[in-house]
There are 2 protein chains.
Amino acid sequence: MRVNNCADRSRLIAAAMGKEACDLTIGNVQFFNVFTGEVYPAEVDILDGTVIRVRTEDEEAIIPSKSFYDGGGRYLIPGFIDSHMHVESTMMIPENLSRAILPWGTTTVCTDPHEIGNVMGIEGVKFMLDNTKNGELRQYILAPSCIPSVPGKENAGAVFTAKEVGELLDMDGVIGIAEIMDFVGVYQDTERMHSIIDEGLKRDMYLQGHSPYVTGKELAAYRIGGPISDHESATAEEVTQKLRTGMHVNLRRSSLSGRLNFLVDGCRDLRWKDYVSICTDDVHAKDLLTVGHINNVVKLAIEEGLEEKEVIRMATLHAAREYNFEDLGAIAPGFVADIQIVDDLRGCRPHAVFASGKLIAEDGKYLGTDKLDRSRLSFPNTVNIPQIKSADDFVMYVPEGHTGDTITVNVMTPREDNRKLRTVVPTELPVKNGAVDISGHPGLCFVALVNRYGSGDTTIAVYDDFGLDHGALASTVSHDSHNLTVAYKDPEDALKAARALEACGGGVVAISDGKADVLELPVAGLMSTDPCAEIAANIDRVQASIDRISGGKLHILATAVMSLPVVPGPVITDLGLVDGLTQEFIPVFL
Amino acid sequence: MRVNNCADRSRLIAAAMGKEACDLTIGNVQFFNVFTGEVYPAEVDILDGTVIRVRTEDEEAIIPSKSFYDGGGRYLIPGFIDSHMHVESTMMIPENLSRAILPWGTTTVCTDPHEIGNVMGIEGVKFMLDNTKNGELRQYILAPSCIPSVPGKENAGAVFTAKEVGELLDMDGVIGIAEIMDFVGVYQDTERMHSIIDEGLKRDMYLQGHSPYVTGKELAAYRIGGPISDHESATAEEVTQKLRTGMHVNLRRSSLSGRLNFLVDGCRDLRWKDYVSICTDDVHAKDLLTVGHINNVVKLAIEEGLEEKEVIRMATLHAAREYNFEDLGAIAPGFVADIQIVDDLRGCRPHAVFASGKLIAEDGKYLGTDKLDRSRLSFPNTVNIPQIKSADDFVMYVPEGHTGDTITVNVMTPREDNRKLRTVVPTELPVKNGAVDISGHPGLCFVALVNRYGSGDTTIAVYDDFGLDHGALASTVSHDSHNLTVAYKDPEDALKAARALEACGGGVVAISDGKADVLELPVAGLMSTDPCAEIAANIDRVQASIDRISGGKLHILATAVMSLPVVPGPVITDLGLVDGLTQEFIPVFL
């Protein structure tokens, strides 16, 4: 796929031949040629956002360019490409993401909008597609493949079948199918996954994988099923196996994931690493402010023992080839002029960044002029919870007909091992006024999973050792269906939390001493139109409130990962408790 | 592009999961993994021509395959891919090429049918497309871009504009535009080349280059113009420059080209060589019989100093990625089971070759059963020379009105330097009966270039030091327009030669002592339906006759390269003498 197919080729050819002046020459640089591995002094001529020539010292420009940028003897490398990320996880809308990460040298991202897709369906994806046009960051979108993640076990705001995926694949800016998370569905060859993958295959498009712990025969079946990449390896052995299988391995360091070391261990000693690229998956606004984006993963990968030039290549050319971008990821005639000027090859913040040949950031400062125009943005309120009429709707009543002073409840309990995040522990609890009473158990709280798309469903369960001391924590960021999740002791606090998020269209709220402190995320209940720094400041503010109600034990996204039914171990959805490994329901009451 | 897109995916997935028996397991091999560079013992399971699993020693098959092939402890590597060749140069039709080169381990070729395209136009290309289906060799076709090579300076049997190229690109089995030889037209951005390249760009297809001696600003302009590869480098510096420019360099060793050493010198010390692949371009039947095909280039490249595993990778995975074949060039689940079992990694003749999982050759012997059925093949006689009515038509008459006993003629004369093959030397020659008389000059002969597509045009010139002692040598293999070329002393011999080729539909003929010895090439005057060994024997026989009339100085294809007006230096076409560098006519008589 040629990214730059619309350029005026005749003009570019004329410029190469010296018959037309270029817009810009970047000179006084050490040019790192990602094709050959060489580093040498060069000047780069650019016209219409396209590289025209890379001249070595003995090659003079035929006619001078209209402007010159002095690289100060620094390195010149291509802009970074993120091979897999979710924009929604940054809580920014795409155009603000552009403003936030260009200064870190990322010039292209391949994104999966499955968060907004779960909330708003195709309209949500269309918003993302449309909004990317307001930034200089090159943002490609992949069609979400698993909305909802497990049909029948949760209700999201949308259902994507092969038809919806196909419709998305035909849109401009959509370049493939996003992480095919239902790996069991792929290797068991379910009709749903087969038909969705068919949509990608018949268009000969990129099929992104997602296959944690998948090896051996399942890995072979998954690869045959279509997906060609993976970013979910949990062991070095898995990385090696996937590379042996011809999969592209995206080395991931997200704000949620741990160290890169085992990923690096899985490829360090392999002779060829051209199927390895770099991704961030889920990265927070604060990380984006402080440590950066792909550059940070580059830095960490080098610290873990990969050679710096090879890591730069992974973050540029390897990603481009994974996606078959024929004119991205390198600096050569005809390639898009996405360029960084850097002091070293180890993931530092770039001195200067050029996007399509335009100087867009210098020393961390974004230089684009297109400030966000909020007046052109409007979003529906996606928090639709008619079932919540009063605090009584957060009371955990025992089943009708139950008699006795106690009842045995499957209590969700954290228990981290290699593969499971939590378990359920049957626990006998008192019954008071027909409802479960946790007042005598300081370690317990309630969790309500409230469908926020108008279905009227709510599940209430008990959670042990969650970390909530008093008040409530609620969020509409709740992967992947993004229903309203409320953790609370007192139904009155839960109601306040729900009302606060209903009023603003979603976000995260802490109820402390009856007062609400809200991180407003009115765009699908997932994102804000605020810029990165403001979002980070708001996160800090609300986190401080959460620290007060939890004694510092709860992260602002603590409720965001308890409802995803493809996560191993029990989760809570709007339809009940579900075992993420078997994808079967677990009774709330025994 | 997924080559294997039509397979029954559900069946393949089931096989990977152990629910379906595979057709074949190849075991007892050292598996060379071209992705990672590792070599380890493994077993390869195959179903429906597709690799299902590559099991390492600790992984048992879940259910046994229907058959087992014992690799005898040898290496298992992917089948080779030729990144650029002309089938016509082998003088075989595609299905016989399949029989000839599969035993050497080549399982895929990317071919440019521009020879038959020049003779028969789209119908010729269609024949090639159709005939490839009769062999197990995977033969892809690229749409010829330069028919004729220089419009207005020669007449071929067809003219391809953007319309014809576009029509070809829409055919099944056509995967891109073939070598874009008019590199001057590309960097000067002529309307013809621009519009032809547009056809490829708008379909996002592969654009093959051809840019001898092109460096610096012209190389940048050529690359921007579209082509992404080159196989014509003549110096090491050129190879390095092209790789730096992000071009795919196809290391070529044809039956016509010299040593590989300078090509290897241009890439040996570069850290990454993933843009280097291997091609044969033009290879003769005899070479195919004796030294092989891609395996021979592999062997020579290793002899010139490249590391053997890397060369195998060039001849497999690198070529596949150059063409964006997503499931060729490696052995992994979902990939086409094109496999070689080899004693070493240095280009030896394979012990066994599997094409789409079928054992197709063993120890050099082709095992396919589909013998050529000549009854289903019929070809038009493409030698149409109405202008040749008698020997008088080969007499080189002086221009009307010329007076005097002598005339000055531009004599074509071999003069090899770095870039030119010959020159013209103005020479005063006697005139006898109104015609040029060379009888007193034993080193001279006539060369007639006879249009063989019915236009009626003929050019007659004088050639010095050609090597013909007596008789005549004529050929319809005459790049690229493939008109009838006749070298002779006596017009009677020329007439005999022309009549012999007219009768059989083309080929090569030697007239010795008035008798014709013909290599019949009735398929477009370029190919025979004979198998490789017979063609090689016939070549030997006719070469012996040519040795008699030339004292061993003339090769059977000596007349085949004197009429291509993109070759530097003077050439002869049916329209006159042409300077291949300036593409201007040169007068025959001064």
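Given the structure is predicted, the values throughout are model-derived calculations rather than measurements.

Undergrad: How should I be thinking about the overall build of chain A in this particular structure?
TA: Across its full length, chain A holds 15 helices and 29 strands. The C-alpha radius of gyration of chain A comes to 25 Å, within 12% of the 25 Å expected for a compact globule of 590 residues. With the principal axes as the frame, chain A shows a C-alpha extent of 90 × 50 × 40 Å. Looking at chain A as a whole, 66% of its 590 residues are labelled buried. Within chain A, counting contacts between residues at least 6 apart in sequence, those at least 24 apart form 69% of the total. For chain A, the accessible surface area stands at approximately 19,500 Å², while carbon and sulfur atoms represent 48% of it. Here chain A contributes 53 positively and 85 negatively charged side chains, and the mean placements of these two sets differ by 2 Å.

Undergrad: Which parts of the structure should I look at to understand the environment of T476 of chain A?
TA: The topology assignment puts T476 of chain A in the loop between β23 (472-475) and β24 (484-488). Aside from chain neighbours lying at most four places away, what touches T476 of chain A is V383, R452, H482, N483, L484, L501, G506, G507, G525 and L526 of chain A.

Undergrad: Could you clarify how one ought to interpret the side chain of S149 of chain A in this entry?
TA: Residues and elements named next belong to chain A. Checked against the element boundaries, S149 lands in the loop between β8 (138-143) and α5 (162-169). One polar contact links S149 to E154, side chain to side chain, over a distance of 2.6 Å. Not counting chain neighbours up to four residues away, the residues in contact with S149 comprise E154, M181, R192, D480, L564, P565 and V566.

Undergrad: Looking at this model, I keep getting lost on the sheet that holds strand β10 (residues 206-209) of chain B. Mind explaining?
TA: Paired through their backbone hydrogen bonds, the strands of a sheet run either parallel or antiparallel. Residue and element names in this part refer to chain B. Strands sit in the order β6-β7-β8-β9-β10 across an open sheet of 5 strands; the sheet is parallel. Single-partner strands in this sheet number two, and they are β6 (80-85) and β10. Taking each pair of neighbouring strands and ignoring which way they run, the sheet shows an average axis angle of 30°. Along the sheet face, helix α2 (residues 94-101) touches β6, β7 (106-111) and β8 (138-143) and points at about 135° away from the line of β8. Relative to β8, helix α3 (residues 114-132) is tilted by about 145°, and along the sheet it contacts β8 and β9 (174-180).

Undergrad: Would you take a moment to explain the relation of the copies chain B and chain A for this structure?
TA: Mapping between the two copies of the chain is achieved by a rotation about an axis and a shift along the axis. Between the two copies, chain B and chain A, the superposition gives an RMSD of 0.1 Å; the rotation angle is 180° and the shift along the axis is 0.0 Å. What the superposition gives is, in effect, a two-fold axis relating one chain to the other. Across chain B, the rotation axis passes nearest the C-alpha of N324 of chain B, at a separation of 3.8 Å. When the interface residues of chain B are mapped onto chain A, 100% of them again lie at the interface, so the same face is used by both copies.

Undergrad: Please clarify how the pattern of salt bridges should be interpreted in this entry.
TA: Oppositely charged side chains can pair when the atoms bearing their charge come close. All chains considered together, the criterion is met by 74 salt bridges over all chains. Residue E43 of chain A pairs with R55 of chain A through a salt bridge whose shortest N-O separation is 3.0 Å. Taken as a pair, E43 of chain A in strand β2 (residues 39-47) and R55 of chain A in strand β3 (residues 50-56) lie far apart in primary sequence, 12 residues in all. The class for R55 of chain A is buried, based on a relative accessible area of 3%. In this structure, D274 of chain B and R313 of chain A form a salt bridge, with 2.9 Å as the shortest nitrogen-oxygen distance. With D274 of chain B in the loop between α9 (261-265) and β13 (276-279) and R313 of chain A in helix α13 (residues 308-322), this residue pair bridges two chains. Taken as a pair, D274 of chain B and R313 of chain A share a single burial class, namely buried.

Undergrad: Looking at this model, I keep getting lost on the packing of aromatic side chains. Mind explaining?
TA: Where two aromatic rings form a pair, the distance of their centres and the angle of their planes describe that pair. Counted under the stated rule, the structure contains 26 aromatic pairs over all chains. Relative to Y488 of chain B, the ring of F394 of chain B has its centre 5.5 Å away and its plane inclined at 75°; by these criteria the two rings are edge-to-face. Of the two residues, F394 of chain B sits in the loop between β17 (365-366) and β18 (406-414) while Y488 of chain B sits in strand β24 (residues 484-488), which places them 94 residues apart along the sequence. Y488 of chain B sits in the buried class, given a relative accessible area of 0%. Among the aromatic residues, those joined into a cluster by ring pairs are Y140, Y206, Y323 and F325 of chain A.

Undergrad: When you look at the environment of A536 of chain B in this model, what are you seeing that I'm missing?
TA: Residue and element names in this part refer to chain B. If you trace the backbone, A536 turns up in helix α14 (residues 532-550). Given the relative accessible area of 4%, A536 is considered buried. Between the C-alpha atom of A536 and that of T56, which follows or precedes it by 480 residues, the distance is 44 Å. With residues near it in sequence (within four places) discarded, A536 still touches A285, K286 and L289.

Undergrad: Mind showing me how you'd approach helix α4 (residues 122-132) of chain A here?
TA: Along an α-helix, a turn takes 3.6 residues, which lines up residues three or four apart on a common side. All names here are of chain A. α4 sits mainly inside the fold: 8 of its 11 residues count as buried. Turning to α4, its buried residues number three or more, namely I122, G124, V125, F127, M128, L129, N131 and T132. Buried residues belonging to α4 abut α2 (94-101), α3 (114-120), β8, α5 and β9 (174-180).

Undergrad: Honestly, the interface of chain B and chain A in this entry has me stumped. Any pointers?
TA: Much of the literature gives interface size as the accessible area that the parts lose upon coming together. Contact residues are listed per partner, giving 67 residues for chain B and 67 residues for chain A. Carbon and sulfur atoms make up 53% of the surface buried where chain B meets chain A, a total of about 5,900 Å² over both sides. If you look at where chain B meets chain A, you find 12 salt bridges. For R271 of chain A, the salt bridge is made with E307 of chain B, and the minimal N-O distance between the two is 2.9 Å.

Undergrad: It is not clear to me how the confidence of the model for chain A should be interpreted in this structure. Could you clarify?
TA: As a note on interpretation, predicted positions should not be read in detail where pLDDT is low. In this model, chain A carries an average pLDDT of 95, and 99% of its residues clear a pLDDT of 70 or more. Prediction confidence for the complex, expressed as pTM and ipTM, is 0.96 and 0.95 respectively.

Undergrad: What is the right way to look at the state of the cysteines in this model?
TA: Note on terminology: a disulfide is the covalent bond linking the sulfur atoms of two cysteines. Residues and elements named next belong to chain B. Tallied over the full model, the rule gives 0 disulfides over all chains. Counting only cysteine sulfurs, C279 is the nearest neighbor of C110, a cysteine outside any disulfide, at a range of 10 Å. Overall, the relative accessible area of 0% leaves C110 in the buried class.

Undergrad: Sorry, what's going on with the sheet that holds strand β28 (residues 576-579) of chain B here?
TA: Residues and elements named next belong to chain B. Pairing is antiparallel across the open sheet formed by 3 strands, whose spatial order is β27-β28-β29. Two strands in the sheet have a free side with no partner beyond their single neighbour: β27 (570-573) and β29 (584-586). Within this sheet the neighbouring strands show an average axis-to-axis angle of 45°, counted without direction. Alignment of β28 against β29, held across 3 bridges, turns out to be antiparallel. Note that in β29 the partner of L577 across the bridge is I586.

Criteria and thresholds
- Residues numbered from 1 in each chain as written.
- Chains lettered and ligands numbered in written order.
- Predicted model: local features only at pLDDT ≥ 70, side-chain atom pairs only at ≥ 80, totals over all residues.
- Heavy atoms only, no water.
- Helix = DSSP H or I, 4+ residues; strand = E, 2+ residues; numbered from the N terminus.
- Rg over C-alpha atoms; globule rule 2.2 N^0.38 Å.
- Buried < 20%, exposed > 50% of the residue type's maximum accessible area, 1.4 Å probe, protein only.
- Contact = heavy atoms within 4.5 Å.
- Areas by Shrake-Rupley, 256 points an atom, 1.4 Å probe, with all protein chains shown as cover.
- Lys, Arg positive; Asp, Glu negative; His and termini not counted.
- Charge placed at Lys NZ, Arg CZ, Asp CG, Glu CD.
- Polar contact = N/O pair within 3.5 Å; in protein donor to acceptor, adjacent residues only side chain to side chain.
- Pairing = 2+ DSSP bridges.
- Axes fitted to C-alpha atoms, helices over the stretch in contact; angles between N-to-C directions.
- Least-squares fit on C-alpha atoms with pLDDT ≥ 70 in both.
- Salt bridge = Lys/Arg side-chain N within 4 Å of Asp/Glu carboxyl O.
- Phe/Tyr/Trp six-rings, centres within 6.5 Å; stacked < 30°, edge-to-face > 60°.
- Buried area = accessible area lost by both parts, 1.4 Å probe.
- pLDDT = per-residue confidence, 0-100.
- Disulfide = S-S within 2.5 Å.

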